[in-house]
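What follows is the residue order along each chain.
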Amino acid sequence: MQQAVESSIMHPITARCSRSWRSTLGVTALCAVACTQSVSEVSGPSVPTDTTGSGGTVQRATVTISVTVEAADMPIAAQIGESSGILRGVWVVLHRSGAGGTTDSALTDQAGTAQFTRLLPGSYSVSVLRSLSLAEQQKLDSAAADVTAFAGGLTLQVSAPSTNAQIAVVAGRRGSLVISEIYIYSPPTAEWLTHPFGTYLELANNSDTTIYLDGKVIGWTLPQQHRDFTNYPCDATESWRLDTAGIWSHDFWRIPGAGSEYPLEPGEAAIIATDAIDHRQFNPTALDLSAADFEMFGTSEDVDNPFVPNLRPLGFSNGVFGHGMWFGSTPVIFVTNALDVQQLARGFVSTVSIPVWRIPLDDVLDAYATDWAPGVFDAGVPTCVPFVNPLLDRQHARLLDVSKRGTIRRRVAAILPSGRVILQRTRTSDRDFEFVNNPSPSTLP
Amino acid sequence: MSLGSPATAQERPVSSAEITGRVTARDGGMPVVSALVALEGTRLAAETDSVGSYRISNAPAGPHILNVRRIGFAPSRIPLTIPTSGRLEVNIVLARTVLELEDVTVTADASGRAAGELGTASVIDRPAIANQTAASLAGILELVPGVPIAPPGLDGVTQIALRTVPTSSAPASLVRGGPDASDLASFGTLIVVDGVPVSNNANLQSLGARGELPLSTAAGGGIDLRRIPAATLERVEVIRGLPSARYGDLTQGAILVQTRAAAVAPEVAARYDARTLEVSALGGIDWRDERQALTGSFDIANTRVSPGATRERTWRTALQLAHRAELGANSAGAERLSRLTFDTRIDYWRLDSDSPEQPEIIPGRASFTHDQGLRVGERARFAFHDDATIEWTLSLDATRQRAYAQLLRSRPAQPFTDRLTEGRSIGRFVGGDYLSTLTLDGDPRLLYTRLEADMRGKSFGFDRRLRLGAEARREWNSGRGYLFDIEFPPQASFNGVNGFDRPRRNDTLPAVASSALYADARLTRPLGSGMSLDLQTGVRLDVLHDGETWLSGARDIVPQPRINAQLSARSWLRLRGALGRTAKLPALGDLHPAAQWFDVVNVNRYTPDPDERLAVLTTFVRDPTNDELGFSRSRKAELALEADLGQRGATISLTRFHDRITGGVGLRRDPEFLLRDQYALADTGLGTGQPGRIVDPPIGADSVPIFVERPVNGSTLASSGYELSLRLPELRALRLRLEVSGASTETRFSTQDLDFGSFQAVSAFEVDSRIDRIPYWEGAVRTGRRDMLTYRLVHHQPTLGFLVTATVQHTLTEWQRDQGGTDTLSFAGYVTRSGTLIPVPAEQRTSAEFSDLRRPRTGLRVSSRGPPSDWLMNLTVAKTLPREGRLSFYAFNVLDRLGTFGTATRDGRLFSSMRFGVDLTLQLDALLGRSR
């Protein structure tokens, strides 16, 4: 397991002017940051300028990203010929936050840096990915045989005239049981919550051995805990949002089985439905999930398909209207090994009187971290930085958008000669997941 | 020339002072003939003769108001201090319009009294009403100390609670909060229109605690003030202190409204701003020596609530006919030793708020409330020799309330039953999107009658006025009630225990009958050396009957002694005090609450084959009626000091008040439990094409905790503070006068309702058998505080008919705070799955046995928090027009101040943006060149 590297530099990226955060990220941002995104007049012609729609004039910025390798993974990088501590040929992607945000990308050069010019100041999501070719993978020793890529990321506050940042990447390993698809059913109406019960979560076996799903746990964290809301300021959520010992959750569910009832073969996927029923009867655009592998059963009013095994809640919540999962505003979804709830640390969220339990990080098999998509519910509320504990995820995706029809799917890292798909798992959700139009329950890409 | 209540005879004198003078017109100084000059609060009056002279004899000493009226002229109110003897000459100049009068009061009278009342009051006369930018009575009440100013219009339901400020109201999803505006209003400020109370007690236009569709309503609070147009008001008396025993069904003062019902020149008025358009017309005629008069008024107004954001609109129509007839008089000029007066009022109003669907924003969402009312009232007053009258009042108030709401809902597939009685049912499965629609048809009725004897005389050296009365009211609602299709209910949050509402009818509810007896004595006595003593003492006995008629037995009885006392140390210096009790009736909906439904799911088998599905549910019905429910009781106390140096001097009034209301009606959640039977199933094989069946008897049962919401007299509201009214002398050179009013009010609110934690926690407890118990906490005490000063700078040029009023309202302090334990040991006990409350002594709460109960309590605002100090400014500029017209320009928030946004540590206060408009009033007679 990768270890965090303590930085001795005060992280200048702040959600608020009055606050600074000592970075526990394995990255260091070396930028001078404007505290607020103010629009101001500039007189000098030394930097490019633009006139904004609001009538002000803003400077454009040049951003330089340096990509290095985490110290713990340098030996692996060396095996593919990158022994200098920097990483070349890394695909760097910058997303500007906010509605209509732009996307820029570039490859790192021989010095391991990528430069972007004429960027508008503001908050950017930066993620980097260096996929390994099959030839490179074959160069790795047995201890690193499951590495498919290097990846990392951070949230960067860009200010003119120039901003520099350094991102330390980690080796991305295939893992075992991974989240392969998250389908958030959103019917074509503008109501914020309309029949969210057609949701499913797909788990895939990304390893080379059989996995028994019996006792495995899926769960998610409280909504509204990763933005700087007045009621839930980042300060107040930081202690458990960034807890290096585990994920705090109120809502987690156990897959039934005594130990060997539900095997999942390598390359196979299993579907957990909120309700394992044919949802097309309620909306023709929904899916028939009556043949799901599992369904969630929260309360007595939750329709129970007697032919589909039930997940039962272990935590406090029984999900949306007692039916189980709906990921319309959930920041982190995770899958873990079997848990003994009695042994978990328990606490209470300070803002609502409901209990939460700490799921040990060592038990977490996979996680997906996401914020709302650009332009969705931004409302000027800054995202907490870091979004989650970087040991869990290096840079969250921004794919949460219930107004769009489609599904969130894990990208493919490689296709083996046998035709089996290996899914990309770099613990950088921004690069591991994508939004696609068509859900594909039980079928990997 | 003397009138029917001549100054010469019947009033038993306590002084021998005489008031004389001439009434002339500002234009040309010609005498005004047949003007009525009356001493307000007495029945002393005179009519000017052919040279404009008048004379009132035997006028009582002390501060008074001389009221002068003549059709074609603006009414004039002249404050004066009458000596104990001698002659006081008061020459009066009448003007065609108010703006041309000297010393006109365009704000609340700082030292005024409601007619016949001694308690602290704000008296707002027609000139002030005309100068106040107000679409309804709500805007007029902004002249009362401590009442915040708001943009003019008909935007939303508006209620009033005197001498009360909001306390914190936690989001319902966190903890049971309160009170909100309607809770506060439900404690009761009485509103009396033309001598007859208006009531909201039979308003049942509420969806109840489980309602989920958006619908604005005034149910549970005072009446919606928007229905009373300001344009047709003649005078508003706001008794902030202790009203006399004549007034019941109140806990927080009384507002006495007089509409413009007299012989008045026809006028039309119009107001326009970017959101509100209002047109009103008024006119009155008299005949038979002014012994018959007919007045009519009409008002129509429209407000666009949030133009650009919504298409929501509110329309109001109001129509009033008033007829007055005096019988039994001799020929003109002769004294009338007895007479009979009939006042007939027919009021019609309609208030429609429409929020049509805006598919581009929220498809399917729409609502309207259409309320209209007709009130027919008759007051017959028989006067004997001017020292005794008997008055009988009869009024029928019929209101028709129609509300509709629709919302696109979505629900999961779930078992469902539409059973209307208790018992087990084979259910069916429902689910998916649907358009939920509901109607609320309410027809509240109020039958009110009062018989009152008013006797004047002298006892023990006191000038005495004794009023004895009996009052009876009957309120009911004959509407069709709360209607919707049970299969498509207005709730989607069924948790497997709390059932969906069922339709309910209003017309099956029993009527509420109440009655009262009262005696009120007003005693005045000079004490020598310029001192005098005023007492108003009385007792009232209110009875809530246990049946539908006044002949049925008593369910609750409240004796309410009241005393107001005033010592005038000098004619300009007064010390007042009051102490007394008042009571308010519970609302019809609290006395007869709707049944609460619980649908417990026994079997829930949703197979892919629809023919094989099976749902079994058991329906339970709980009646939350509380047979012990009775009056809310209030104890009111105040102490006031007033110095009044007359119209051209300074006036200051400082009042300390303390009101404590106990037994306010609120909902209390009583834990109970249901037994859910568990059944074995048979014949449930795959592919049978049959739904299977349950096997009786049940193989077991589990207990399901529920919470029944029961109306109880469990709320306490205590308000105390200071009120200030200050009127500085006019700077004659600048024609500038400054008035300051303000209030410092602290309100504390608490209920008997226990705090069971968040909505999520309670819901999880009900449905999750893994949770054996949840903690409960004692209800918090919620405190609100507001210190507010309102400055009014008035520049008046009578010769130009020009008036500028700048109003600055400064909120110095505003915060809310909750008192209640929040640490993990603050819980008071726990509730079990069998609905039993088990208290846990404080010393045992650290025990390992209770570790599952130790959790932080949330939802309380434990530190004082509120918006920062801020201010707001309004401006009104008025000018007479040729032919007695008047044009006003007004601007709300004239500096367009934004206010302050809230932060994590501080509340915000955002002002409505600047809104400006014009008022135009035209006198039709003058416009058409007719003489009057």
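Please refer to the structure placed before this passage.
Residues numbered from 1 in each chain as written. Chains lettered and ligands numbered in written order. Predicted model: local features only at pLDDT ≥ 70, side-chain atom pairs only at ≥ 80, totals over all residues. Heavy atoms only, no water.

## Some details on a positive patch on the surface
All names here are of chain B.
Piece 1. Positive charge collects at one region of the surface, where Arg581, Arg635, Arg660 and Arg748 lie side by side.
Piece 2. In this fold, Arg660 is placed in strand 33 (residues 651–682).
Piece 3. For Arg660, a relative accessible area of 36% corresponds to the partly exposed category. (Patch = residues over 30% accessible without salt bridge, like charges linked within 9 Å, V, L, I, M, F, W, Y side chains within 5 Å. Areas by Shrake-Rupley, 256 points an atom, 1.4 Å probe, with all protein chains shown as cover. Salt bridge = Lys/Arg side-chain N within 4 Å of Asp/Glu carboxyl O. Lys, Arg positive; Asp, Glu negative; His and termini not counted. Charge placed at Lys NZ, Arg CZ, Asp CG, Glu CD. Helix = DSSP H or I, 4+ residues; strand = E, 2+ residues; numbered from the N terminus. Buried < 20%, exposed > 50% of the residue type's maximum accessible area, 1.4 Å probe, protein only.)

## Section: the sheet that holds strand 6 (residues 76–82) of chain B
Residue and element names in this part refer to chain B.
Piece 1. Spatially, the four strands line up as an open sheet ordered 3-2-5-6, and their pairing is antiparallel. With partners counted over all chains shown, the strands left at the sheet margins are strand 3 (45–47) and strand 6, one partner each. If you compare each strand with its neighbour and ignore which way they point, the axes differ by 20 degrees on average. (Pairing = 2+ DSSP bridges. Axes fitted to C-alpha atoms, helices over the stretch in contact; angles between N-to-C directions.)

## Comments concerning the interface of chain A and chain B
Piece 1. Each partner contributes residues to the interface: chain A has 41 residues there, and chain B has 46 residues.
Piece 2. Roughly 3200 Å² is buried in total at the junction of chain A and chain B, and carbon and sulfur atoms are behind 59% of that figure.
Piece 3. Counting every contact that joins chain A to chain B gives zero salt bridges.
Piece 4. Remark: the boundary between chain A and chain B carries eight residue pairs in polar contact (both at pLDDT 80 or more). (Contact = heavy atoms within 4.5 Å. Buried area = accessible area lost by both parts, 1.4 Å probe. Polar contact = N/O pair within 3.5 Å; in protein donor to acceptor, adjacent residues only side chain to side chain.)

## A word on unusual backbone geometry
Piece 1. Here the amide bond leading from Ala160(A) into Pro161(A) is cis, since omega sits at 0 degrees, within 30 degrees of zero.
Piece 2. Checked against the element boundaries, Pro161(A) lands in the loop between strand 11 (147–158) and strand 12 (162–173).
Piece 3. Here the amide bond leading from Val385(A) into Pro386(A) is cis, since omega sits at -10 degrees, within 30 degrees of zero.
Piece 4. Here Pro386(A) lies in the loop between strand 26 (364–372) and strand 27 (397–400).
Piece 5. The residue Arg118(A) is not glycine, and still its phi comes out positive at about 55 degrees.
Piece 6. Looking at the element boundaries, Arg118(A) is found in strand 9 (residues 113–119).
Piece 7. Here the phi dihedral of Asp194(B) falls at roughly 50 degrees; this positive angle occurs in a residue that is not glycine.
Piece 8. For Asp194(B), the location among the structural elements is in the loop between strand 10 (190–193) and strand 11 (196–198).
Piece 9. Its relative accessible area of 7% is what places Asp194(B) among the buried residues.

## Focus: helix 3 (residues 234–241) of chain A
Residue and element names in this part refer to chain A.
Piece 1. All of the buried residues in helix 3 are Cys234, Thr237, Trp240 and Arg241. What you see down the axis of helix 3 is that its buried residues fit within an arc of 125 degrees, all on one side.
Piece 2. Those residues of helix 3 that are buried lie in contact with strand 17 (246–249). (Arc of directions from axis to C-beta.)

## Structural notes on the state of the cysteines
All names here are of chain A.
Piece 1. This model, assessed by the stated rule, comprises one disulfide over all chains.
Piece 2. Put simply, Cys234 and Cys384 are joined by a disulfide, and their sulfur atoms are 1.9 Å apart. In this structure, the disulfide formed by Cys234 and Cys384 twists by about -90 degrees around the S-S bond and is classed as left-handed. In this pair, Cys234 is assigned in helix 3 and Cys384 in the loop between strand 26 and strand 27, connecting sequence segments 150 residues apart. Both residues of the pair, Cys234 and Cys384, count as buried. (Disulfide = S-S within 2.5 Å.)

## Re the pattern of salt bridges
All names here are of chain B.
Piece 1. If you walk through the whole model with that rule in mind, you get 81 salt bridges over all chains.
Piece 2. In this structure, the salt-bridge partner of Glu278 is Arg316, at a minimum N-O distance of 3.0 Å. With a gap of 38 residues between them, Glu278 in strand 15 (residues 276–287) and Arg316 in strand 17 (residues 313–327) connect regions that are remote in the sequence. Each member of the pair, Glu278 as well as Arg316, carries the same accessibility label: buried.
Piece 3. Here Glu814 makes a salt bridge to Arg909, at a shortest N to O gap of 2.5 Å. A residue pair is termed long-range when its members are at least 10 positions apart, and Glu814 in strand 38 (residues 802–819) and Arg909 in strand 44 (residues 909–910) qualify at 95 residues.
Piece 4. Residue class for Glu814 comes out buried when judged on its relative accessible area of 17%.
Piece 5. The buried category is assigned to Arg909, whose relative accessible area is 12%.
Piece 6. Each member of the salt-bridge network shares a partner with another, and the members are Arg163, Arg240, Arg574, Arg576, Glu638, Glu642, Asp644 and Glu723.

## Here's the deal with the sheet that holds strand 20 (residues 269–273) of chain A
Residues and elements named next belong to chain A.
Piece 1. Spatial ordering of the open sheet is given by 27-26-23-16-18-22-21-20-14-13-28-31, a layout of 12 strands whose pairing is mixed. The outermost strands of the open sheet, each flanked by one partner alone, are strand 27 and strand 31 (433–436). Neighbour-to-neighbour, the strand axes of the sheet open up by a mean angle of 30 degrees, direction not taken into account.
Piece 2. In the sheet, strand 16 (residues 217–220) pairs with strand 18 (residues 251–254) via four bridges, with the strands oriented antiparallel. Bridging across to strand 18, Trp220 finds its partner in Asp251.

## Remarks on the packing of aromatic side chains
All names here are of chain B.
Piece 1. Counted under the stated rule, the structure contains 16 aromatic pairs over all chains.
Piece 2. Here Phe382 and Phe384 contribute two aromatic rings whose centre-to-centre distance is 4.5 Å and whose plane-to-plane angle is 85 degrees, an arrangement assigned as edge-to-face.
Piece 3. Members of the aromatic cluster, joined through ring pairs, are Phe707, Phe756 and Tyr776.
Piece 4. Between Arg411 and the ring centre of Tyr434, over which it is positioned, the NZ or CZ distance is 4.3 Å.
Piece 5. Across from the ring centre of Phe827, 5.6 Å away, lies the NZ or CZ of Arg845, which sits over that ring. (Phe/Tyr/Trp six-rings, centres within 6.5 Å; stacked < 30°, edge-to-face > 60°. Lys NZ or Arg CZ within 6 Å of the ring centre and 35° of its normal.)

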